[in-house]
Amino acid sequence: MSNTAFIYDAIRTPRSKGKADGSLHEVKPVDLGAGLLRSLQERNDLDTSYVDDVIMGCVGPVGEQGADIAKSMVQNADWDESVAGVQLNRFCASGLEAVNTAAQKVASGWEQLVVAGGVESMSRVPMGSDGGAMGSDPAFMIKTGFVPQGIGADTIATLDGYSREDVDAFAMESQNRAAHARDNGYFDKSVVPVRDANNEVILERDDFIKPGTTMEVLGNLRASFEQMGQYGFDDIIIRKYNQLDRINHVHTPGNSSGIVDGASAVLIGSEQAGKDLGLKARGRVVAGAIVSSDPIIMLAGPGPAAKKCLKTAGMTEQDIDLWEINEAFASVALRYMRDLDIDHSVTNVNGGSIAMGHPLGATGGCLVSTMLDELERQDKQRAMLSLCVGGGMGISCIIERT
Amino acid sequence: MSAFHYEKDQDGIVTVTMDMSGPVNAMNDEYHRLMGETLAKLEAESDLTGVVIASAKKVFFAGGDLTMLVQADAENVDTFRENTENMKAGLRTLETMQVPVVAAINGAALGGGYELCLVCNHRVAFNLKSVQIGLPECGLGLFPGGGGVVRLTKKIGVEKALPLILEGKRLTPAKALAAGLIEQTVDSLDELLPAAKAWILENKDNEDAVVQPWDKKGFKIPGGPINSPRNAQLAAMAPTMLNQKTRGLMPHMTAAMDVAFQSSMLDLETALRIEGREFARVATNPVAKNMINAFFFQLNKVNGGASRPQEVEKQLTKKVGILGAGMMGQGIAYVSAMAGIEVVLKDISLEAAEKGKAYSEALLQKRIKRGQMDEDKAAAVLGLIKATAENDDLAGCDLIIEAVFENIGLKHEITKELEGYLTADGVWGSNTSTLPITQLAEAAAKPENFIGVHFFSPVDKMPLVEIICGEKTSDMALAKAFDYAQQIRKTPIVVNDSLGFFTSRTFGTYLDEAANLLVEGVHPIKIDNLGKAIGMPVGPLQIQDETSLELSRKAQETWKEMGVLDKWGDGTVIRRVIKDLVEDNGRGGRHHGGGYYEYHDDGTKSIWPGLLDLYYDESVQVSDEDIKDRLMFRQVIEALKCLESGVLRTVADGNIGSIFGIGAPAHTGGFIQYVNTYGLDNFIQRCDELSEKYGDRFVCPDIVKQRAASGELFA
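What counts, and where the lines are drawn
- Residues numbered from 1 in each chain as written.
- Chains lettered and ligands numbered in written order.
- Predicted model: local features only at pLDDT ≥ 70, side-chain atom pairs only at ≥ 80, totals over all residues.
- Helix = DSSP H or I, 4+ residues; strand = E, 2+ residues; numbered from the N terminus.
- Buried ≥ 20, exposed ≤ 12 C-beta atoms within 10 Å, placed from the backbone.
- Contact = placed C-beta atoms within 7 Å.
- Nonpolar A, V, L, I, M, F, W, Y, C, P; charged D, E, K, R; others polar.
- Expected span 1.5 Å × (residues − 1).
- Bend = angle between axes of the 7 residues up to and from the residue.
- Core = buried A, V, L, I, M, F, W, Y, C linked by C-beta atoms within 7 Å.
- Pairing = 2+ DSSP bridges.
- Axes fitted to C-alpha atoms, helices over the stretch in contact; angles between N-to-C directions.
- Right-handed = clockwise from strand over helix to strand, strands pointing away.
- Domains from an automatic or database assignment.
- Parallel < 35°, antiparallel > 145°, perpendicular 65-115°, else oblique.
- Left-handed = near helix turned anticlockwise from the far one by under 90°.

### Section: the overall build of chain A
Thought 1: Each helix and strand in chain A was counted, giving 13 helices and twelve strands.
Thought 2: Relative to its full complement of 402 residues, chain A shows a buried share of 60%.
Thought 3: Taking the contacts inside chain A whose residues are at least 6 apart along the sequence as the reference set, 83% of them involve residues at least 24 apart.

Next comes the structure, spelled out in C-alpha cells:
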C-alpha cells in the first residue's frame, strides 16, 4: 500500500505584469523563488535538512532561469546543502507536474518531504526564449502541421461555436471573481509578499487583475491571432479540421491568460514527515493524471485528463466540489466545462489566469494554494485542478482536505 | 575528344576549359574523371598563380545528369550518397586550393553549374540575358544537393537564399550581381577571360581572396544564423508559409529549407554532410521521379514535337483571325500579338471587338508598370491587333480561330460563312472545350484543314494548348496548329477527337465526383478542403462556381441535343445538382450572383446555406481517405480510359496535359504517372475497394491490368 501524499502548505507570490513596467520585473527569478522557499521555511519552522528534493517547473529554463534553477533557488535560500533540486518542463503543466511528481515520490516511499512548484519571470526571460523544434524546424513543423496555441484556441472556439461575446463574457466574469476574492482577502492566506534584500516589500498582492472590466472594453480589443492565421496557420489547421472553411479569431489579450511574473511552492510529505516535524496536514493529493490529445489544436487535453484522473481516483464528477481549469484561453475553459458537463458556478470560483495571469511554469502550483484556501473557506472537501498543455497534453490533479 | 582543356599562361594562371563529349558540360561519370585528373594536375603545379574555370560550350555548365538522377532508387541510397559525396569532395578540393579560383561564366550556369561557381573564390559573368544563373532544382522535385543550399545560404544569408532556392529562380547576370550570386560582369565575351585573369593577378598575394568566407575564422553569416533572436520570426514563418503553399506535399522543399536553416548554424563540412544525406533521401523519393519525369523528360518530349508529324516542315503563322472577342478570344489575341503575329479580332460589333482589344491594352499597361516592357514595344504589340466587325478584314489569314459560344449550330454557320477568307492552305481552328471536332468539321468545305485548338482560361497565364484532331484532319493542319501553339509560347498536347477530348472530360470527373459526395450528404466544405488536400489548386465546388454552373447546364443541354449525353458515364447525379442549384434556386455560379457559395462584398465567401438544407446529412460518415481517393481516382481513371481508347496518343501528353491544363498535382507527375507511383497492383486493388463501396465508376480500366500482367509501367 502506498503512502499518502499530504499537503502541509501551499504558497505563491503575487502575480504582476510580465513586462518591463511590471512590479516584479526588477526581481531576479532566482530571488523570486528563493524568497518563496524562505517563507515556506519560516511559516513552518522547517528544518530544511529534512527536505529531500525541490522540484520546480520552469518553461523558459534558459538565461537567468537556466542551469537547473531549482537547485540555484535552494542555495540562494540558504537551505541545507543536503537539499537537492530539479527543474522540469512540461510547458504550462510544469507546476502541476511538479506537484504530481512530488506526490508520487512521497507515495512511493522513496522520499518523505518534497517541495513542488514553479517559477517564471516572463518579463526577464520572454516566452519562446528556449527556442525548440516547434517554432523553428521546417522538417518538424511541416511534418506535424504545427500551429501556435492561439490558433488552436480560436479553432476550439470555432468548432464549439463560442462567439466573441461568449469568450468575452467568460473573461469579464474571471476579472470580477478575482477582484472580489482578492479584495475580500480570500488569497491572503497563501500569497506571500515579495521583499527586497532589506526586507522592504516590493509587491504585496496581485496587481494584474483589472476590476470593473466591461464587455465594451473587452469588445474593443483586437483579435490576437487573426494576422498570424492569415500568414498560413489557418490553412494549415483547416487541413486537419477540414469541416471548417475559416477560423473565427475570437481571442484577444482580454480573454486570454495574462503574461506575468510569479512563483509557487507546495510542501508535500508523508505522514511520518508531519509527525517528525510537527506539521499539520491541510490536505492530500488524491490522484494525478497526464494525457495527450491532438497536438495541432493543442489545447483540448484538460477534459480527458480530468476524466482519467477521476478514473484513477475511483471517483465520479459528483465527488468533486470545486473545479479549477487554467484559463490559458477562454475557449479552453468553456471546452473543459462542456467536456465534463459542469457549471461555471463551481468552476474557477475565484477567477483565473485571464484575470491574475499565467506565470507558465508556476501556475500549477498556484492552483493548489488557491483551491486549498477556497475548500477551507467554503468548508468543502475536494477539488479538481487541470491545465491545458503544449503539444496537446492535458494534466489534472485531485486534492482533498484532510 | 572530350576534355577539360588545361592551359597555363606566362603569369602562372591555368585556364581549365570544360569541353565534354556530350552537347553540354554535365555532372556525370565523365565529369568525375575529368575533374579528378584536372585537380591532380593542379595540385602537382609548383608555380601556380590562379585557376580560371571556363567553358567551351554555349552553356557554362548544365548541372546534374537527370537520366542518372531519375534512376536513383531507395534500395541503393547508400551508393547514391557515396557518389554524391565523391563529387562534392572534388568541388571541396577545388574550393580549398591555395590560389584564387575564378569562374568565367560565358553561358547559363544553373543547378550544378552554379554549384561549381560557388566553390570558386570569384565569379565573373558575361552580361547577356540568356546567361542564366541560379539553382532551379526545386522545380524538379530535388534541391541543390551539390553544396548549393549550403554555400548559397552561407554566402547571402538564409533569408535571401531561401526564395532563390525554393522558387528555383533563374537570374540574369545583372540580377545575379545585385543578389550577390556573382561578383562581376563583363559586357562582351572577349572581356571574360581577361577579367578573370586580371582579378587573379590583383589578388594573388591577397590571402583573403584565396580562402572562402565560410572557411575563415570568425565567419559570420549575413543576417545571422537562423537561431539568433533576430531571426525568430523568419524561423517560425518561413516553414509555415512553405507548409501552407505546398500543403506538405513537396518533401524536397521542406528538406531544402531544413538544410538551409542548419547551414546557417553549422560549419561547412557538417552542413555539407547533412545536405548529402537529405539529398539522397529526396532524390530517391517518388516525388523527385515524378517531377523529373514530367517537368523534364516528358515536357521536353512534348515540346520537342513527339506528337507532331515529323515530315511536315515548320509552319509559321503570319496572320491569325480570331472570331469572338469574349474572354477566350481576347486572351488568344493578346498571346498571338505578343508573339509578333498579326491579329484580326472580330466580333459581331466593332464595340465588342474593341472591348476585346482593350484587354490586351490593360495587360500591356501592367507590363509597362512592372518594368517588363517599354512603351514603344507595348504600342507595337497593340498595333498588331485589328479590332473589327467586318468579315473582309479576315482576308489573308493563314489561321482562323473560332472562339464563339459552345453551340454547334452557331459554329457550323460561322464556319460556312468565313472559311473562304482563309488563304488557300489556311487552317481553321475551333477553340471548343467539349464539342467533337469531327462533327464541327462537317460544315467545312475543307475538313482536312479543320482542327481543335483548345485554350485554357486565363489564356495569358495558362501554359497549355490542347490540339484535337478530327477524323479528317490532315498532318499539315496538325503541324500548323502545333507550330502556332509553340509560336505563342504554349505547350501543345495532341489528342484524338472525342466528347470533351482529354482535359475537359477528365476534369469533368472531378466535378462529378464532388456532386456525388455532395448528394451523399458529405459537408461541402469538407469536399473542397479535401480537393485541395490532394493537391488540386482549388476545391471542386469552388472551381465549378468559377467556371459557372450555368455553363455546365448549357453543356449538358448541348450534349442532349447532339445525342451524346452520358457518353462517358452516368451524369444523373451532377444533372440533379445542376437542376437543384441553377434551375430551382437560380444559383448559376460566381458570375451569376453565386452558386455553391455566397460571395460577399468584402471579398469573402461562405457556403450558400441552402446547399446544406438540400444535401448535408450529419449522420453520413465517409472517411477523409476515401473522399481524397475518390476525387483523385476518378480523374486518374478517366485519364487512363483516354489512353486506353486512343484519345491520348502518348503518356507524356496525358501527364503534361493534366498538370498544365487541369491542375493535376505537380508532385504526382500527372494523372497517368500517378498509377506508376501508386503501384499498378495497389491501384487495381484500391479501385476494387472503391467500386465495391461507391459504384462502377471506380472499376479499374483494363489497360492497368494488362500493364500489371506484363510488368510494364506507363511511360
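### Quick notes on the interface of chain B and chain A
Much of the literature gives interface size as the accessible area that the parts lose upon coming together.
Thought 1: With 27 residues of chain B at the interface, the matching set in chain A holds 20 residues.
Thought 2: Looking at the side of chain B that touches chain A, the elements with two or more residues in it are α10 (232-246), α11 (251-265), α21 (524-533) and β19 (605-607) of chain B.
Thought 3: The dominant element in the side of chain B that touches chain A, judged by the number of residues it contributes, is α10 of chain B, at ten residues.
Thought 4: Across the side of chain B that touches chain A, the residue classes tally to 14 nonpolar, nine polar and four charged.

### Topic: helix α24 (residues 572-585) of chain B
All names here are of chain B.
Thought 1: Look at α24: 18 Å from first C-alpha to last across 14 residues, which is about the 20 Å you get at 1.5 Å a residue.
Thought 2: The largest bend along α24 measures about 30 degrees and falls at K579.
Thought 3: Inspection of α24 places I574, V577, I578, L581 and V582 among the buried residues, and these make up the whole buried set.
Thought 4: On the buried face of α24, the contacting elements are α20 (503-520) and α23 (549-562).

### Let's talk about the nonpolar core
Thought 1: Of all hydrophobic cores here, the largest spans 341 residues; its most connected members are I268 of chain A together with I105 and I165 of chain B.
Thought 2: Top element by residues in this core is helix α26 (residues 624-644) of chain B. It accounts for ten residues.

### So, helix α3 (residues 94-108) of chain A
Residues and elements named next belong to chain A.
Thought 1: With 15 residues, α3 should reach 21 Å at 1.5 Å per residue; the first-to-last C-alpha distance of 21 Å fits that figure.
Thought 2: Burial analysis of α3 places 13 of its 15 residues in the buried class, which makes it a mostly covered element.
Thought 3: Directly after α3, the chain includes G109, whose backbone phi takes a positive value near 85 degrees.

### As for the sheet that holds strand β17 (residues 491-496) of chain B
Residue and element names in this part refer to chain B.
Thought 1: Taken in spatial order, the eight strands line up as β12-β11-β10-β13-β14-β15-β16-β17 in an open sheet, and their pairing is mixed. Each edge of the open sheet carries a strand with a single partner, namely β12 (385-388) and β17. Each adjacent strand pair in this sheet contributes to an overall mean axis angle of 25 degrees, direction not counted.
Thought 2: In the sheet, strand β13 (residues 397-402) pairs with strand β14 (residues 422-430) via five bridges, with the strands oriented parallel. Its bridge partner lying in β14, I400 is registered against W428.

### Examining the sheet that holds strand β3 (residues 50-55) of chain B
Residue and element names in this part refer to chain B.
Thought 1: What the six strands build is an open sheet, ordered β1-β2-β3-β4-β6-β9; its pairing is mixed. Each having just a single partner strand, β1 (3-8) and β9 (184-186) make up the two edges of the open sheet. Across the sheet, the axes of successive neighbouring strands diverge by a mean angle of 20 degrees, strand direction being ignored.
Thought 2: Inspection of the sheet shows strand β4 (residues 101-105) paired to strand β6 (residues 122-126) by four bridges, in the parallel sense. Residue I105 lies in a different strand from β6, and its bridge partner there is A125.
Thought 3: Against the sheet, helix α1 (residues 29-44) makes contact with β1, β2 (13-19) and β3, and its axis sits at roughly 15 degrees relative to β1, the strand it touches most.

### Details of unusual backbone geometry
Thought 1: Look at the link from S457 of chain B to P458 of chain B: it is a cis peptide, with omega at -5 degrees.
Thought 2: By secondary structure assignment, the location of P458 of chain B is in the loop between β15 (450-455) and β16 (464-469).
Thought 3: Located in the positive-phi region is N348 of chain A, a residue other than glycine, with phi close to 45 degrees.
Thought 4: Structurally, the position occupied by N348 of chain A is in the loop between α11 (330-340) and α12 (353-356).
Thought 5: Residue classification places N348 of chain A among the buried residues on the basis of 26 C-beta atoms within 10 Å.
Thought 6: In this structure, S548 of chain B is a non-glycine residue whose phi angle is positive, near 90 degrees.
Thought 7: Topologically, S548 of chain B is positioned in the loop between α22 (540-547) and α23.
Thought 8: A residue is classified by how many C-beta atoms lie within 10 Å of it, and S548 of chain B, with 17 of them, is partly exposed.

### Quick notes on the pairing of β14 of chain B
Each regular strand displays side chains that alternate between the two surfaces of the sheet.
Residues and elements named next belong to chain B.
Thought 1: Where the polypeptide runs from β13 across helix α17 (residues 408-418) and back to β14, its parallel neighbour, the crossover connection is right-handed.
Thought 2: Note: β14 against β15, three bridges, orientation parallel. Looking across to β15, one finds that S430 is bridged to G452.

### Considerations on the domain arrangement of chain B
Thought 1: Splitting chain B by domain gives domain 1 (3-284), domain 2 (319-496) and domain 3 (504-646 + 679-710).
Thought 2: In this structure, domain 1 of chain B and domain 2 of chain B have C-alpha centres spaced 44 Å apart.

### Some thoughts on the packing of helix α13 (residues 286-303) of chain B against helix α27 (residues 651-662) of chain B
Two quantities define a packed helix pair, namely the angle between the axes and the distance from one axis to the other.
All names here are of chain B.
Thought 1: The interhelical angle for the contact between α13 and α27, taken along N-to-C directions, is 110 degrees, at an axis separation of 9 Å. Comparing their axes, α27 and α13 come out roughly perpendicular. The interaxial crossing formed by α13 with α27 has left-handed handedness. Along the contact surface, α13 presents A294, Q298, L299, K301 and V302, while α27 presents A652, D653, N655, I656 and I659.
Thought 2: The class makeup of the residues in the contact of α13 with α27 is six nonpolar, two polar and two charged.

### With respect to the pairing of strand β3 (residues 53-57) of chain A
Residues and elements named next belong to chain A.
Thought 1: Counted residue by residue, β3 has five buried out of five residues, so it is predominantly covered.
Thought 2: Neither face of β3 is left uncovered, since the one carrying D53, I55 and G57 and the one carrying V54 and M56 both have all their residues buried.
Thought 3: The pairing of β3 with strand β4 (residues 84-88) spans five bridges and is parallel. Its bridge partner lying in β4, M56 is registered against Q87.
Thought 4: For the handedness criterion, the β-α-β arrangement of β3, helix α2 (residues 69-76) and β4 is classed as right-handed.
Thought 5: Pairing geometry for β3 and strand β5 (residues 113-121), over five bridges, is parallel. Pairing of V54 across the sheet is with V115, part of β5.

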